[in-house]
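Chain residues, written in single-letter form:
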Amino acid sequence: MPLKDALPTQGRFSQWRPNWVILTLGLAMLAAVWGLPTVSVAANRIVSGTGYPVWQALSWGGGALASLIILAMMVLASHPERTRLSYVAQFAAMVLLLLLMPFGLMAASHWLVDASQPQARLGIGPAYWVVMFLALLGLIELRLRLSLARGWMALLLIGIGAVWLGCAALWLDSLALVQEFQVREAQFYQAIRQHLALVTIAVSVSIVLGMGIALLMRRFYRLQRGGFALLNFFQTVPSLALFGLLLAPLAWLSANVPFAAQLGIKGIGWTPALIALIIYSLLPIVRNTYVALEAVSPDVLDAATGMGMRTSQRFWQVRVPLALPILLEGVRITMVQAIGLTAVAALIGAGGLGAFIFQGLGQAAMDMVLLGALPILVMALAADAGIGALAAQLRRGAAYD
Amino acid sequence: MIELRNVYKYFDDTVAVDDVSLSVPKGKFCALVGTSGCGKSTTLRMINRLLAHSEGEILLDEQAISDYDPVLLRRRIGYVIQNTGLFPHWNVARNIGLVPRLLKWPASQVRQRVEELMQLLGLPVGEFANKYPHQLSGGQAQRVGVARALAADPDILLMDEPFGALDPITREKLQEMLMQLQARLHKTIVFVTHDMDEALRLADHLVVMRAGKVIQQGTPLSLLQKPADAFVDSLLGGLERGLKQASLTRVKDHMAPLGPTLPAQSRIPARYTLRQALSMMLRDHSERLTVVDQHDMPVGELSLRKLVKEAHSSEQGSSRES
Ligand SMILES: Nc1ncnc2c1ncn2[C@@H]1O[C@H](COP(=O)(O)OP(=O)(O)O)[C@@H](O)[C@H]1O
Ligand SMILES: [Mg+2]
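Owing to the predicted nature of the structure, the values given are computational and were not obtained by experimental measurement.

## Considering the side chain of B:Arg148
Link 1 in the chain: Of note, B:Arg148 is situated in helix α7 (residues 138-150).
Link 2 in the chain: For the buried B:Arg148, which has no salt bridge, the nearest side chain bearing the opposite charge is A:Asp302, at an N-O separation of 8.5 Å.
Link 3 in the chain: Look past the residues within four positions of B:Arg148 in its chain and what remains in contact with it is A:Ala303, A:Met307, B:Thr84, B:Gly85, B:Leu86, B:Phe87, B:Asn95, B:Ile96, B:Leu98 and B:Val99.

This is how it looks when you write it as structure tokens:
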């Protein structure tokens, strides 16, 4: 073979376009695995734990295995030929990594936690969190490359989550997060119920109210500017301040109107929380309802009237169905926002998962904070994906031309 | 029968339609032509009461449209617009069945009517019934638009630049389709367009508008023979006018009986237009053509000299009339 053919030519060189996203994520993961503490071990709940690097937590073999999986993915990502098979393999590598991670924790627990000390506990270290986060980012990138349906992706994530939960329930008693959970299991489920109830009530009330306001604004043009200005203003008030602002009038109401007191209306607790949540939720609902109804093509509406539809027929059969995807977008934003804001509502005694977060912060018990924060994260992601999928489904039939 | 008597439309202080009078007899095709913004759409939309006229009278079958319930009136009038206005969330069959459903026809009858119309407009039912508007080409979508307008078999069809957004080839196909439909269905049609050739091709009656006013109206031939002013003349194509007129005239109306002389070499079917005859004369360097019937048998003769003379005399004749 002539020498010049054996050398990489200019052309071949410029064709070397690796998937930089995956390569960068892989590098960052390797750095995290070897550079950050993998787990921490504490003698009891109060003292702060000692961090252990990967070679102590998972042994050299464990560290090497993780690195090998990440490296394999990077090699595939830097290969010039981008076949579907290669993407599938990279995807599989990420999934494998996520599935093996709880078993790593078990190994760490076995090696590092003294079984004779029931108080001793294992904390999940920064390396774990970072790798998990980066692996999820990688999955999102690869999902786009593989154009994998949302449904399958959701199922996969649920599956991975189930493996984690199973491991935690069966074999990871020493994990601090699990211990925090076991101590307040009843409280935990109660908090989830409260949280969901607050969010559901607040979002449903603001859907009804918000859509009503949007319709009024369409009918009475002059309401528009003032209405939006007011709602925008409320959005900018910090949530805690809004709770505070509601405290005095509600306390007064409860003290002076017996009926209000009977209903359980108080300056603190669920009443101000619900009111504040509804106020925050109104803007996205009103805005999206308004925009959605106005965005329907004038030609379509002209045809509807011209063909002899009555105003109500045109509204319900044409305007509303065509507005629905944008309207649902508003519901999605509101829902995610309300799930987060409800955490803050715990500060005024409304309960919910936020209670764990603020108690944990008060006691400097980070694992208790996590016990509150993780379910909130999962709820927000689920609401986001679920409503997003519904809107996409609706949009498919009605794609605008 | 549609009649507008001294109709005005004001938007605030602008006059969009200025003293328009016109009448479209039953079964006739009337085209409103003019540059954009001259009030064509406004005139059209007053007929189905999408807009209320400010002054004057609009009559449908001798009855003022204000006597009708606007919604019921619109269900009796087919309406086609430029961007189709198909409902994007409904499939083709459901879009076409809109008015029959509004009129509460039984479902089986609606289905039957939809299939009938799809066939009539060259949309195979199996292929198109379940498609959504965004899956259709421009031409297919406008066929659906026309089918939807015809669904409840209205006597009147209002069309606002229905083919304005289509490419020339598709446009010509749909014009052809509309002509065939009209030959069968004899609807009373008001058709808005800014394309004079389209109007000349389709209409029985032409109405030229400018700045809200009717400048001239009449049959396509009468306009071509005697445009009222330079504006109408330029709309009609100025120098091209002669050829456009020729393209509206059939050979058989101008042929002379076969003479004693030998027939010319070039032959033209009697149903062709004078424009095609002229083109053939130029191509074959021949001042005379033999006119043949559908069996290619000579039936007459066409000569350039006679054509030029007749065109001249008919112009004289029409100017004497007016
Ligand atoms: N809803 C309206 N409000 C105010 N002016 C209008 C309205 N509709 C049309 N016009 C004006 O009336 C004139 C005629 O418009 P239109 O009938 O749409 O013209 P065309 O269809 O011939 O292009 C234009 O000058 C236009 O700006
Ligand atoms: Mg127009």
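Continuing now.
## Remarks on the site of ligand 1
All names here are of chain B.
Link 1 in the chain: In the vicinity of ligand 1, the contacting residues are Phe11, Ala16, Ser36, Gly37, Cys38, Gly39, Lys40, Ser41 and Thr42.
Link 2 in the chain: Between an oxygen atom of ligand 1 and a main-chain N or O atom of Gly37, the distance comes to 2.6 Å.
Link 3 in the chain: Separating an oxygen atom of ligand 1 from a side-chain N or O atom of Thr42 is a distance of 2.5 Å.
Link 4 in the chain: In isolation ligand 1 exposes 560 Å². Once the protein is present, 55% of that is buried.

## Re the UniProt feature "domain: ABC transporter" (unreviewed entry) in chain B
Link 1 in the chain: UniProt tags residues 2-236 of chain B as "domain: ABC transporter" (unreviewed entry).
Link 2 in the chain: Here residues 2-236 of chain B is 39% helix and 26% strand, with 25 Å between the C-alpha atoms at its ends.

## Notes on the interface of chain B and chain A
Link 1 in the chain: Taken together, the 27 residues of chain B in the interface contact 21 residues of chain A.
Link 2 in the chain: Surface buried jointly by chain B and chain A totals about 2000 Å² across both partners, of which 63% is contributed by carbon and sulfur atoms.
Link 3 in the chain: Considering only the side of chain B, the residues that lose the most area to chain A are B:Pro88, B:His89 and B:His134, jointly responsible for 26% of the buried surface there.
Link 4 in the chain: Linking chain B with chain A are 1 salt bridge, by the criterion used here.

## Some points on the sheet that holds strand β2 (residues 50-52) of chain A
All names here are of chain A.
Link 1 in the chain: Judged by pairing direction, the sheet is antiparallel, and its 3 strands sit side by side in the order β2-β1-β3 without closing on themselves. Where the open sheet ends on each side, the last strands, each with one partner, are β2 and β3 (121-124). The mean inter-strand angle of the sheet, taken between neighbouring strand axes irrespective of direction, is 30 degrees.
Link 2 in the chain: Here strand β1 (residues 39-42) pairs with β3 via 4 bridges, running antiparallel. Each residue of the ladder has a partner; that of Val39, found in β3, is Ile124.

## A short note on the side chain of B:Glu3
Residues and elements named next belong to chain B.
Link 1 in the chain: Assignment of secondary structure puts Glu3 in strand β1 (residues 2-11).
Link 2 in the chain: Relative accessible area serves as the criterion here: at 17%, Glu3 is assigned to the buried category.
Link 3 in the chain: A distance of 3.4 Å separates the side chain of Glu3 from the side chain of Arg5, its partner in a polar contact.
Link 4 in the chain: Setting aside residues no more than four positions away along its own chain, Glu3 makes contact with Leu22, Ser23, Glu57, Ile58 and Leu59.

## Structural notes on the environment of B:Gly164
All names here are of chain B.
Link 1 in the chain: Considering the arrangement of structural elements, one finds Gly164 in the loop between β7 (156-160) and α8 (168-185).
Link 2 in the chain: Sequence separation of Gly164 and Trp90 is 74 residues, and the distance between their C-alpha atoms is 24 Å.
Link 3 in the chain: Dropping the residues within four chain positions of it, Gly164 is found in contact with Gln82 and Arg171.

## Quick notes on the domain arrangement of chain B
Link 1 in the chain: As assigned here, chain B comprises domain 1 (2-239) and domain 2 (249-321).
Link 2 in the chain: One C-alpha centre belongs to domain 1 of chain B, the other to domain 2 of chain B, and the line joining them spans 36 Å.

## What to know about the domain arrangement of chain A
Residue and element names in this part refer to chain A.
Link 1 in the chain: Segmentation of chain A into domains returns domain 1 (3-176) and domain 2 (185-400).
Link 2 in the chain: With 4 residues of domain 1 in contact, the opposing surface of domain 2 contributes 9 residues.
Link 3 in the chain: Summed over both partners, the interface of domain 1 with domain 2 comes to about 480 Å²; 58% of that surface belongs to carbon and sulfur atoms.
Link 4 in the chain: Together, Arg45, Trp129 and Arg150 form the three largest contributors to the area buried by domain 1 at its contact with domain 2, with a combined 79%.
Link 5 in the chain: Counting across the domain 1 and domain 2 interface gives 0 salt bridges.
Link 6 in the chain: Between the two partners, domain 1 and domain 2, sit 0 residue pairs in polar contact (both at pLDDT 80 or more).

Criteria and cut-off values
- Residues numbered from 1 in each chain as written.
- Chains lettered and ligands numbered in written order.
- Predicted model: local features only at pLDDT ≥ 70, side-chain atom pairs only at ≥ 80, totals over all residues.
- Heavy atoms only, no water.
- Helix = DSSP H or I, 4+ residues; strand = E, 2+ residues; numbered from the N terminus.
- Buried < 20%, exposed > 50% of the residue type's maximum accessible area, 1.4 Å probe, protein only.
- Lys, Arg positive; Asp, Glu negative; His and termini not counted.
- Salt bridge = Lys/Arg side-chain N within 4 Å of Asp/Glu carboxyl O.
- Contact = heavy atoms within 4.5 Å.
- Near = heavy atom within 4 Å.
- Polar contact = N/O pair within 3.5 Å; in protein donor to acceptor, adjacent residues only side chain to side chain.
- Areas by Shrake-Rupley, 256 points an atom, 1.4 Å probe, with all protein chains shown as cover.
- UniProt positions renumbered as here; feature names shortened; annotations may be inferred.
- Buried area = accessible area lost by both parts, 1.4 Å probe.
- Pairing = 2+ DSSP bridges.
- Axes fitted to C-alpha atoms, helices over the stretch in contact; angles between N-to-C directions.
- Domains from an automatic or database assignment.

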